[in-house]
Amino acid sequence: MKSALSAFVRDSGDQVAETGAPTATRPIPGPAPLSLEALKDVSVIFFEGLHVAQLKFSEKYGPVCRFANPASLNGATSWVFINSPENIQHVCATNVRNYSRRYLPDIYTYVTHGKGILGSQDEYNARHRRLCSGPFRNKWQLQRFSSVVVERSKRLVDIFSAAAAADPSGAFTTDVATQTQRLTLDVVGLVAFSHDFACVEQVQRDLAGATAGDGRSGVLQDRVLWAVNTFGEVLAQVFITPLPLLKAMDRLGAPHLRQLGEAVSVMRAAMLDVIAERRASLAAGGRGRDDLLQALLTATEDDGRGLSDEELWEDVHDIMGAGHETTATTTAALLYCISAHPHVRQRLEEELDAVLADGEAPTYESLERMPYLQACAKEVMRLYPAIPVFPREAARPDVLPTGHGVAAGDVVFMSSYALGRSEAVWGPDVLEFDPDRFSPEREARQHRFQWLPFGAGPRMCLGASFAQMSVALMAATLLQRFRFTPLAPCSPLIPVGYDITMNFGPSGGLRMRVAPRQRGQQQ
Ligand code: HEM
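Residues numbered from 1 in each chain as written. Predicted model: local features only at pLDDT ≥ 70, side-chain atom pairs only at ≥ 80, totals over all residues.

Asks: Break down the overall build of the chain for me, citing the residues and quoting the values.
Replies: Along the backbone of the chain there are 19 helices and 12 strands. Against the compact-globule benchmark of 24 Å for 523 residues, the chain has a radius of gyration of 23 Å, which places it among compact chains. Looking at the chain as a whole, 45% of its 523 residues qualify as buried. Across the chain, every contact between residues at least 6 apart in sequence was considered, and the portion connecting residues at least 24 apart equals 77%. (Helix = DSSP H or I, 4+ residues; strand = E, 2+ residues; numbered from the N terminus. Rg over C-alpha atoms; globule rule 2.2 N^0.38 Å. Buried ≥ 20, exposed ≤ 12 C-beta atoms within 10 Å, placed from the backbone. Contact = placed C-beta atoms within 7 Å.)

Asks: I'd like to hear about the pairing of strand β2 (residues 78-82), residue by residue, with values.
Replies: Working note: regular strand, side chains alternate between the two faces of the sheet. Counting buried residues in β2 gives 5 out of 5 residues, a clear majority hidden from the surface. Judged from the 5 bridges that link them, strand β1 (residues 64-68) and β2 form a sheet pairing that is antiparallel. Within β2, the residue paired with V64 across the bridge is I82. In the sheet, β2 pairs with strand β8 (residues 411-415) via 4 bridges, with the strands oriented parallel. Among the inter-strand pairings, V80 is bridged to a residue of β8, identified as V412. (Pairing = 2+ DSSP bridges.)

Asks: Lay out the site of the ligand with the relevant residues and their values.
Replies: As a matter of local geometry, the ligand sits amid 30 residues, with A322, G323, G455, C461 and G463 nearest to it. Of all elements in the fold, only α5 (122-137), α13 (309-340) and α19 (464-481) reach the threshold of two or more residues within the shell around the ligand. Tallying contributions element by element places α13 first for the shell around the ligand, with 7 residues. Per-class residue counts for the shell around the ligand are 18 nonpolar, 8 polar and 4 charged. (Near = placed C-beta within 6 Å. Nonpolar A, V, L, I, M, F, W, Y, C, P; charged D, E, K, R; others polar.)

Asks: With reference to specific residues and values, describe the UniProt feature "binding site: heme" (unreviewed entry) in the chain.
Replies: UniProt records the feature "binding site: heme" (unreviewed entry) at C461, using the numbering of this structure. Residue classification places C461 among the buried positions, given that 24 C-beta atoms sit within 10 Å. Not counting the four nearest positions on each side in its chain, C461 is found in contact with F454, G455 and A467. (UniProt positions renumbered as here; feature names shortened; annotations may be inferred.)

Asks: I'd like a description of the confidence of the model for the chain, backed by residues and values.
Replies: Per-residue pLDDT for the chain has a mean of 88; in total, 91% of the residues score no lower than 70. Low pLDDT, under 50, characterises residues 1-19; the predicted model gives this stretch 41 contacts beyond four residues in sequence or across chains. Contacts for the low-pLDDT stretch residues 214-218, under 50 throughout, to residues beyond four places or in other chains number 6 contacts. Scoring the predicted complex yields pTM 0.91 and, for the interface, ipTM 0.99. (pLDDT = per-residue confidence, 0-100.)

Printed below as a string of structure tokens:
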């Protein structure tokens, strides 16, 4: 039977099939090593980001281009940028064995010691994925998690309703990106280890003009919250800085490595306490919880091996890190795009009102009856994928379907952002927000590897189904009760930037006016 989310997730994951590679070889275009052209091109990466660079490179050189790396920086022979569904299919599915390793920045390997899900490779990664992905694929577990998402979203609705009622105009203005961050951190804490960060409560204080604490109190909730935020912020600042430079900066007093170390030890200590408590409770015959930690504590492989405490905290931490900002920014972008396109909003409100009775909350099952909402979410992720690039390392020489040769040691960059904004793939109206691109008929004509906000292959996002369900449920719960209006001037495209995940530029948010809406309300 098709699950409620089967319409969301495309079959681009975990395939390991090897077929004969094409033999014809063409040189890959790109600037001459150390030339002025190469310098100009590479400066785009530094000034505009890897995601924009990849799009510009594909417009300039075509679907494949190569940058030689004469100094073999980070051990790579060359950087190869590919931007066509056919070549991506080759790398992520057809000849995936040659590209099974994710290329990781120095700092990430340094901080994770090659452990956890995100920072590991090969068998270690495969084993941890096997154990951790279960709860995010299992329908029963997803249904349980969906109640957490809706319960938290309804709490946010209550706080928004109170803020609107308290304002003489009947509406209020807020940074929706910050509020969705709080919502998803609560959800991910509850789903991962039944821990309530109660960040949504901060929304109430925020709208009443109170400031947040610095999070350094002794309370577990505050310590972990401080550590999660510090870890993400500092890592983002130094993500592409080579490690030797960072170590030299550290000796000169730069705070990054020290702050990262402090955040990791706070998270580790807090999580190890939670794990010890949970093991003790289980040993004493306690009932246990329906969360990821519980699933991992009891999960074993065929050989009876389970995860050690160290492995457990690293995996739970990675899932929280990978899951919270990504889901939050996607939801905020979705609310913005829907609100900036009144005809889309009208259709979506009609769908919500037709599927949900007055006061009825959306559920895992009811999402299946909201194809337009699903199409809107997909269209947002085409234009604004929360993680824009997914790189792999080539183990051996290979030939891409376009006939271009890849060398052993090349880093192959694929980008959901560049792919989603490729005119060659989506047509001349590529920058228009048009959810009808994902109508069943039009979607059926698309290449399986042309919409990849969750990456593809054995390192594909393991929370993809959960993430899509969460984004849709949060948006449905909020849009059922409110109309969001972007503040003028409202640009059709959101200016996004990326550190590790998407952000909304220097202004740091997506400010919108929030007003209660009635069922059946016209534009
Ligand atoms: C809209 C939200 C999300 C987006 C757009 C997203 C996207 C991605 C992408 C692009 C990758 C890299 C894939 C690749 O290299 O092929 C990734 C990895 C990952 N994601 Fe997500 N993600 C989201 C939410 C989540 C959630 C909610 C969770 C957990 C519940 C999660 C857990 C992970 C993990 C653990 C990895 C690392 C997998 C590995 O290294 O093997 N993600 N995600």
